[in-house]
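# Observations on chain architecture
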Amino acid sequence: MEDNVLVSSKIHGRSKSTTAKRNCIICGQRISKRRRTQHNFQKISRGQLNLQRTRPCLLNFQSLPKDIVLRVMSKLTLKEVAQLSVVSTNWRQAWTFHPNLYFGIKTALGNNAKRKGTSSDLNCRISSGNKFIKRVDAILEKHCGTMVNKFAVKFGLSNEHANHVNGWVAFAIASKARVIILDFSPDWKSHENNYDFPCHIFDKHNGSYLEALRLDSVTLNPPLDFCGFANLKLLALDNVRLQHLEQLISKCHVLEWLSIQSCNQLHNLHVSEPLCRLQYLSIQGCHLQRMELHAPNLTTFEYDGSLALVTLNECSNIKASTIRLFDEKTLQNILTGIPSVLPHVETLYVEVHVKTQMSGFTQSPLKFTQLKCLTLEITFERGSFDRNSVFQLTNLFVAAPFLEDLYLDMYCSLNRCPLDLDDIVDQPHYHLKMVCIFGFCGNTGQVELAKCILRNALILEQMIIDPKGRYRLDGYFGRQEADKKLVPEDIDGVLTIL
């Protein structure tokens, strides 16, 4: 017993002494680490420890290559560059190299300034206009005047400021600006004295640098012998008084993007020269009576007005189009007129106001041979005929045999009078997959149209009925009619009523 106690005490004694030694060693290491850390800190504080020091590199703006300077400037706005010049003396002249010059009400007169046209006080408008002109003149006077990429002015100016604006345009030309934007649209009324764009100061040499031109609220009257813009790719005209536009367009041989908006004096557009590079064409808000052009590579066409006198020669590559027909009596122009102008379009959006029904549908020899997606926003004028007009949309499946997606946004009256369906012959459609009917109010024509689609669309995957549409806040009755009359016809389970 005593021997066991003695052995146990020895064992425990050894373990305690061993643990104590280990603790001493660990504590010694910790103490040595602390001492070394304190020692190194003292050396650092005395400067005795040899450490590699890095000094900040001072950037000399004047020594940078011009391409680097322009690249840096192009990432900043003119206001940001001006702020940078205040912070750093090395960048004090940085703004004079800025390649993108945009002069608007805030950039020229400050964030608290109001646009010239927003004030009803004539003296205030004149004063702010004079300040704007002086500020732009002062900035351009100090600018280096080279390698300008974009020159833009957006302020309500007119032809009485022509001397100053002509100088700005001359500056843009001399600096070889690739983009020129002049937006002189006022906020308070239309100009009676639009600024005359100075075509006469362009020649074959200085006009060759221009690639994009946007004009708003100016007068554009190029002379008959105008040389044109050899490298112009984009031309956008908004509220522009036009004369001899055909002469200008025919001499822009690399034009790719053309937009003409709200140019009321444009009645005829006949361009005899082929526009081989033109890909996008938008003409809206004009009163065109006749249009004819050759654009073999045109892919996007947007237009509002009558298509009766529109001729697009060799434009078989148009893939997407937006057409607005505001004063159509019937659906005849949609079913026959558009296919004759755009037979190869693939995606089509049509907005139309229908006044009465067709007396009969005469199938056009030209169909939508490649149309796959069609969106129709139709407003049917109220009357006893509107139920028949709605149902006449079934003729779309004859005019567009390869249609896959159909979106109908309709606004019509709640006309529940029965239709005469004795002469209707079902014709199967082999490609229609998706149908969405917005504004379903339970009109008899809508109900019979949806039934016809459910019967004849052989591979239909989904039909969505949305009773609310554009104007209805509550689609209770339309939803009730859809549940009552369409659900029994949904044999394949493709119907969804929202």
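Treat the numbers as computed from the prediction; the structure is a model and nothing was measured.

### Observations concerning helix H6 (residues 162–174)
Look at H6: 18 Å from first C-alpha to last across 13 residues, which is about the 18 Å you get at 1.5 Å a residue. Of the residues making up H6, those classed as buried are Ala162, Val165, Trp168, Val169, Phe171, Ala172 and Ile173.

### A short note on the pattern of salt bridges
Within the structure shown, the criterion is met by six salt bridges. Glu448 is the partner of Lys451 in a salt bridge, and the nearest nitrogen-oxygen pair spans 3.9 Å. One end of the pair is Lys451 and the other is Glu448, both in helix H11 (residues 444–456) and three residues apart, which spans about a single turn.

### So, the side chain of Asn206
You can see Asn206 is positioned in the loop between strand S4 (195–196) and strand S5 (212–216). Look at Asn206 and you get buried, because its relative accessible area is 18%.

### Here's the deal with the nonpolar core
Within the largest apolar cluster, 116 residues are counted, with the highest numbers of intra-cluster contacts made by Phe151, Trp168, Ile260, Phe301, Leu312, Ile338 and Leu393. Broken down by element, this core gets its largest block of residues, seven residues, from H6. Setting aside residues up to four positions removed in sequence, Leu312 forms contacts with Met291, Leu293, Phe301, Ile318, Val341 and Leu342. Among the nonpolar cores identified, the runner-up in size contains six residues, and Ala152, Val179, Leu234 and Ala236 belong to it.

### Considering the packing of aromatic side chains
Tallying each qualifying case throughout the model produces ten aromatic pairs. Measuring from centroid to centroid gives 4.1 Å for Phe132 and Phe155, while their planes differ by 5°, and the two rings are stacked. Pair noted here: Phe132 is in helix H5 (residues 122–142) and Phe155 is in the loop between strand S2 (150–154) and H6, with a separation of 23 residues, a long-range link. With respect to class, Phe132 is no different from Phe155; both count as buried. Between Phe184 and Tyr195 the ring centres are 5.6 Å apart and the planes differ by 80°, which places this aromatic pair in the edge-to-face class. Remark: Tyr195 occurs in strand S4 and Phe184 occurs in the loop between strand S3 (179–183) and S4; sequence separation between them is eleven residues. Like Phe184, the residue Tyr195 is buried in the burial classification. Three or more aromatic residues joined by ring pairs form one cluster here, namely Phe197, Phe202, Phe226 and Phe229.

### Let's talk about the pairing of strand S12 (residues 290–294)
Regular strands have side chains that alternate between both faces of the sheet. Where strand S10 (residues 268–270) lies against S12, three bridges are found, and the strand directions are parallel. Bridge pairing links Leu269 to Met291 in S12. Bridge analysis of S12 against strand S14 (residues 310–313) gives four bridges, and the strand direction is parallel. In the sheet register, Glu292 faces S14, and the bridge partner there is Thr311.

### Overview of the sheet that holds S12
Pairing is parallel in the open sheet, where three strands are placed in the order S10-S12-S14. Either end of the sheet is taken by a strand with one partner, and the two such strands are S10 and S14. Ignoring strand direction, the axes of neighbouring strands in this sheet form an average angle of 10°.

### Some thoughts on the confidence of the model for the protein
In the predicted model, the protein carries a mean pLDDT of 78, and 68% of its residues have values of at least 70. The model gives residues 43–49 a pLDDT under 50, and that stretch makes three contacts with residues more than four places away or in other chains. Predicted confidence is poor over residues 115–119, with pLDDT under 50, and the contacts of this stretch with residues over four places away or in other chains come to 20 contacts.

### Points about unusual backbone geometry
It is generally the case that most residues other than glycine have a negative phi and that most peptide bonds are trans. Positive phi is not limited to glycine here, since Lys176 has a value of about 60°. With respect to the helices and strands, Lys176 occurs in the loop between H6 and S3. The backbone of Ser262 shows a phi angle near 55°, a positive value even though the residue is not glycine. Take Ser262: it is sitting in the loop between strand S9 (257–261) and S10. Among the residues examined, Ser262 registers a relative accessible area of 30% and is labelled partly exposed.

### Quick word on helix H12 (residues 476–485)
Every α-helix winds through 3.6 residues per turn, so residues three or four apart in the chain are directed the same way. Along H12, the residues classified as buried are Gly478, Glu481 and Ala482. Taken down its axis, H12 places every buried residue within 100° of arc, on the same side. Among the exposed residues of H12, those pointing more than 90 degrees away from its buried face are Tyr476 and Lys484. Elements in contact with the buried residues of H12: strand S20 (462–466) and strand S21 (495–497).

### What to know about the sheet that holds strand S8 (residues 241–242)
One open sheet accounts for three strands, arranged S4-S6-S8; its pairing is parallel. With one partner strand each, in any of the chains shown, S4 and S8 form the two edges of the open sheet. Pairing geometry for S4 and strand S6 (residues 218–220), over two bridges, is parallel. What sits directly across from Tyr195, in S6, is Val218.

### A look at a nonpolar patch on the surface
Taken together, Tyr430, Leu458 and Ile459 make up a surface patch of nonpolar side chains, about 320 Å² in accessible area. Within the secondary structure, Leu458 is located in the loop between H11 and S20.

### Brief notes about the environment of Cys436
Mapped onto the fold, Cys436 is located in strand S19 (residues 434–438). For Cys436, a relative accessible area of 5% corresponds to the buried category. On a C-alpha basis, the gap between Cys436 and Ile465 in space is 6.1 Å, while along the polypeptide they are 29 residues apart. Not counting residues within four places of it along the chain, the set of residues in contact with Cys436 comprises Leu406, Tyr407, Leu408 and Ile464.

### Comments concerning the environment of Glu160
Tracing the chain through its elements places Glu160 in the loop between S2 and H6. Using a relative accessible area of 63% as the deciding quantity, one classes Glu160 as exposed. Sequence-wise, Glu160 and Asn193 are 33 residues apart; in three dimensions their C-alpha atoms are separated by 7.7 Å.

Analysis parameters
- Residues numbered from 1 in each chain as written.
- Predicted model: local features only at pLDDT ≥ 70, side-chain atom pairs only at ≥ 80, totals over all residues.
- Heavy atoms only, no water.
- Helix = DSSP H or I, 4+ residues; strand = E, 2+ residues; numbered from the N terminus.
- Expected span 1.5 Å × (residues − 1).
- Buried < 20%, exposed > 50% of the residue type's maximum accessible area, 1.4 Å probe, protein only.
- Salt bridge = Lys/Arg side-chain N within 4 Å of Asp/Glu carboxyl O.
- Core = buried A, V, L, I, M, F, W, Y, C linked by side-chain atoms within 4.5 Å.
- Contact = heavy atoms within 4.5 Å.
- Phe/Tyr/Trp six-rings, centres within 6.5 Å; stacked < 30°, edge-to-face > 60°.
- Pairing = 2+ DSSP bridges.
- Axes fitted to C-alpha atoms, helices over the stretch in contact; angles between N-to-C directions.
- pLDDT = per-residue confidence, 0-100.
- Arc of directions from axis to C-beta.
- Patch = residues over 30% accessible without salt bridge, like charges linked within 9 Å, V, L, I, M, F, W, Y side chains within 5 Å.
- Areas by Shrake-Rupley, 256 points an atom, 1.4 Å probe, with all protein chains shown as cover.

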